[in-house]
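One-letter residues, chain by chain:
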Amino acid sequence: MARSVTTQRKAINTTIAWAIGLLIFFPILWTILTSFKTEAQAINDPPLFLFFDWTTENYTTVMERSNYGRFLWNSIFIAGGSTILGIMIAIPAAWSMAFVPSPRTKDILLWMLSTKMLPAVGVLYPIYLLFIKMGLLDSVVGLTIVLMLINLPIIVWMLYTYFREIPVEILEASRMDGAGLKSEILYVLTPMALPGIASTMLLNFILAWNEAFWTLNLTAAKAAPLTAFIASYSSPEGLFYAKLSAASTMAIAPILILGWFSQKQLVRGLTFGAVK
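Anyway, here's the lowdown on the structure attached to this text. (Residues numbered from 1 in each chain as written. Predicted model: local features only at pLDDT ≥ 70, side-chain atom pairs only at ≥ 80, totals over all residues. Heavy atoms only, no water.)

Moving on to the pattern of salt bridges. Overall, the coordinates contain two salt bridges when judged by the stated rule. The closest approach of N and O atoms between Glu39 and Lys243, which form a salt bridge, is 3.5 Å. Placement of the pair is Glu39 in helix H2 (residues 39-42) and Lys243 in helix H13 (residues 241-270), with a sequence separation of 204 residues. Classification of Glu39 by relative accessible area gives partly exposed; the value is 21%. Residues Asp107 and Arg104 are paired through a salt bridge, measuring 3.2 Å at the closest nitrogen-oxygen approach. On the basis of relative accessibility, which here comes to 39%, the residue Asp107 falls in the partly exposed class. Taking the relative accessible area as the measure of exposure, Arg104 reaches 57% and is therefore exposed. (Salt bridge = Lys/Arg side-chain N within 4 Å of Asp/Glu carboxyl O. Helix = DSSP H or I, 4+ residues; strand = E, 2+ residues; numbered from the N terminus. Buried < 20%, exposed > 50% of the residue type's maximum accessible area, 1.4 Å probe, protein only.)

The structure is reproduced here in structure tokens:
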């Protein structure tokens, strides 16, 4: 029998959940509010929360100074391209590890995960030289490939976890019905693992969208995404907090909208295969 929960307990749990949610969201809220302040109000002591002279001057200045559309398109192409390319590589890899494991499968998975422990600056120099030799420096294609390779271990691990929850008997039945390897992956495995694939794609898209180290070191002007757009408002003259907040708000707005429309699919994917 299910354990009964009192109304008071529900109210306490709800209050705690809202408090934690607001605490996590507060930095984003503060950035949005600061973007509507003047530079003097942004550094006011004590800080001004709601009662200040609201202005959109910072957004006007940012739009006049920078080509926001170009930065936005670069971010969409790089994050979307690295996500799609990573999924195309990770699905066959995760399928082989989940359904045709070898004695070294666990070792390979641990090795892939261990690559995430390597500091990015440790491989910056060789990758930078490779990019110069191959003509990929400050190119959208080169940055897309790098971000895909960086996030590939996470994609493979997540898909491997979801695929392991699928009964192997279903795939065996499809083979008995004459399905080849391609048909098995495309028409049997992929639809069943769609929630997991969707949540994996969303997580990888967010990671690529927020990546700053590689975008700042491997781009200059042509392939610069929104992370470089934000960094351009940190100059030797100092930090322009109001304009920096406006640029940050413009950069996070698309990902907030994406998260809002994808939350149901994400929750569904993350709970896929949970213990019933």
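Locating Ser245 in the fold gives a position in helix H13. Classification of Ser245 as buried rests on a relative accessible area of 10%. Here Tyr241 takes part through its backbone oxygen, which lies 2.8 Å from a polar atom of the side chain of Ser245. Among residues more than four places away in sequence, those in contact with Ser245 are Thr31, Thr34 and Ser35. (Polar contact = N/O pair within 3.5 Å; in protein donor to acceptor, adjacent residues only side chain to side chain. Contact = heavy atoms within 4.5 Å.)

At the junction of Asp45 and Pro46, the peptide bond is cis and its omega measures out at 5 degrees in the coordinates. Relative to the assigned elements, Pro46 resides in the loop between H2 and helix H3 (57-65). Here the phi dihedral of Asp138 falls at roughly 60 degrees; this positive angle occurs in a residue that is not glycine. Residue placement: Asp138 occurs in the loop between helix H6 (124-134) and helix H7 (140-164).

Further remarks concern the environment of Ala208. Relative to the helices and strands, Ala208 is located in helix H10 (residues 194-210). Between the C-alpha atom of Ala208 and that of Gly80, which follows or precedes it by 128 residues, the distance is 8.3 Å. Discounting chain neighbours no more than four positions away, the residues touching Ala208 are Ala79, Ser82, Leu147 and Asn151.

We now examine the nonpolar core. By size, the foremost hydrophobic cluster in this structure holds 30 residues, and its most contacted members are Val62, Trp209, Trp214, Leu218, Leu226, Phe229 and Tyr233. Of all elements in the fold, only H3, helix H4 (68-99), H6, H7, H10, helix H11 (213-218), helix H12 (226-231) and H13 reach the threshold of two or more residues within this core. For this core, the leading source of residues is H13, giving six residues. Apart from residues lying up to four places away in sequence, Leu218 is in contact with Leu124, Ile127, Tyr128, Phe131, Leu137, Asp138, Leu143 and Val146. Residues Ala98, Met148, Leu171 and Ile197 belong to the second largest nonpolar core, which totals 24 residues. (Core = buried A, V, L, I, M, F, W, Y, C linked by side-chain atoms within 4.5 Å.)

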